[in-house]
Amino acid sequence: MTRHLLRDDDLTPAEQAEILDLALELKKDRWSNKALAGPQTVAVIFDKSSTRTRVSFAVGIADLGGSPLIISTANSQLGGKETPSDTARVLERQVAAIVWRTYAQSGLEEMAAGTRVPVVNALSDDFHPCQLLADLLTIREHKGDLKGLTLTFFGDGQSNMAHSYALAGVTAGMHVRIASPADYAPRADVVEAADRRAAETGGSITLLTDPVEAAAGADVVVTDTWVSMGKEEEKLARIRDLGGYKVTPETMTIADSEAIFIHCLPADRGYEVDSEVIDGPQSVVWDEAENRLHAQKALLVWLLDKKDA
């Protein structure tokens with residue numbers, strides 16, 4: 001059966017841990033696995049601009065012995081004359097997997113439903129599961145076992161990153177706090193899904209409006225840009241609404257003394273996070289950026305193995 005990664009809870013707790021274990025193995029011996037030898041081609045499709053996603057997938061596919069085919073929707077029929085399902089049926093006869101960085105989650109779901117090759121969500125408006133695999137890998141490297149750790153996300157609780165932290169964090173057995181204004185709380189269906197998964201793993205999801213309460217004793221402090229791509233016109237309103245949720249040196253003193261700071265980047269320095277934090281001794285953002293490579297390689301290897309099973 002073909003498996004896809006469209007949202008973080010597509011993986012069971014055991015499967016998530018298996019991929020993270022594999023990522024650590026591949027990081028130790030970067031060229032040990034040639035799952036895409038041939039070379040097989042992986043289509044990597046971009047509706048949105050990208051640095052880390054583009055580089056990490058292109059390099060990772062090459063590391064695995066494959067060939068990355070970078071496609072811009074501006075120069076293809078996808079989203080214009082052709083539906084995602086029709087595009088998938090064309091691509092599946094020529095590529096080993098499809099990676100898509102897009103806007104609507106519904107497009108990814110349509111593409112996955114219409115193809116026999118794995119489809120990977122490289123970012124949508126609702127979720128960013130590849131980033132979370134890299135983040136969990138980074139946290140595991142610096143903090144050890146994920147289960148029982150407290151992670152606090154500050155900012156827009158309705159963002160794709162907050163949704164993915166809610167789902168992936170509780171899947172790992174973590175206690176996830178989302179600190180945001182009430183009007184920016186995560187979607188109810190995502191919270192419900194996180195609660196169901198937490199019941200399996202012993203994790204938890206908590207929504208808070210008080211940033212001080214949210215920071216207290218946290219093992220991992222997280223934020224993301226307040227203004228996502230396509231929402232630039234909302235910047236002034238978001239600065240007003242989310243200003244109290246900036247991660248500052250004071251935030252890090254309220255968190256656990258050995259807390260780490262992560263941010264998926266790019267960072268809008270001075271807005272969601274102060275430069276003193278992102279450049280400070282508790283920041284692991286550069287390890288996190290590198291780990292996109294290792295986590296995504298592990299994901300591709302895992303998905304291809306499941307397809308052949």
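Computed from a predicted model, the values in this text were never measured in an experiment. (Residues numbered from 1 in each chain as written. Predicted model: local features only at pLDDT ≥ 70, side-chain atom pairs only at ≥ 80, totals over all residues. Heavy atoms only, no water.)

A. Structural detail: the environment of Asp183. Take Asp183: it is sitting in the loop between β6 (175-179) and α7 (188-201). Placed 58 residues apart in sequence, Asp183 and Asp241 show a C-alpha to C-alpha distance of 9.2 Å. (Helix = DSSP H or I, 4+ residues; strand = E, 2+ residues; numbered from the N terminus.)

B. Representation of the pairing of strand β1 (residues 41-46). Counting buried positions along β1 gives five out of six residues, so the element sits mostly inside the fold. Alignment of β1 against strand β2 (residues 67-72), held across six bridges, turns out to be parallel. The partner of Thr41 across the bridge, within β2, is Ser67. Read as a crossover between parallel neighbours, the route from β1 over helix α2 (residues 52-63) to β2 is right-handed. (Buried < 20%, exposed > 50% of the residue type's maximum accessible area, 1.4 Å probe, protein only. Pairing = 2+ DSSP bridges. Right-handed = clockwise from strand over helix to strand, strands pointing away.)

C. Inspection of helix α4 (residues 105-113) at higher detail. Buried within α4 we find Gln105, Gly107, Leu108, Met111 and Ala112. Angular distribution of buried residues about the axis of α4 spans 160 degrees; they occupy a single face of the element. (Arc of directions from axis to C-beta.)

D. Looking closely at the environment of Glu290. Position of Glu290 relative to the elements: it lies in helix α12 (residues 285-308). Taking relative accessible area as the criterion, Glu290 reaches 38% and is therefore assigned partly exposed. Placed 263 residues apart in sequence, Glu290 and Lys27 show a C-alpha to C-alpha distance of 9.9 Å.

E. Region of the structure containing the side chain of Thr223. Within the secondary structure layout, Thr223 lies in strand β8 (residues 220-223). Thr223 gets classed as buried once you look at its relative accessible area, which sits at 1%. Side-chain polar atoms of Thr223 contact the backbone oxygen of Phe154, separated by 2.9 Å. For Thr223, the residues in contact, after removing those within four places along its chain, are Phe153, Phe154, Val247, Phe261, Ile262, His263, Cys264, Glu272 and Val273. (Polar contact = N/O pair within 3.5 Å; in protein donor to acceptor, adjacent residues only side chain to side chain. Contact = heavy atoms within 4.5 Å.)

F. Molecular detail of unusual backbone geometry. Here Gly38 and Pro39 are connected by a cis peptide whose omega angle stands at 0 degrees. In this model, Leu265 is joined to Pro266 through a cis peptide bond whose omega is 0 degrees. Along the chain, Pro266 falls in the loop between β9 (260-263) and α11 (275-278). In the Ramachandran plot, Leu123 falls in the positive-phi region, its phi being about 145 degrees despite a non-glycine side chain. Secondary-structure assignment places Leu123 in strand β4 (residues 119-123). Within the secondary structure layout, Leu265 lies in the loop between β9 and α11. Relative accessible area serves as the criterion here: at 12%, Leu265 is assigned to the buried category.

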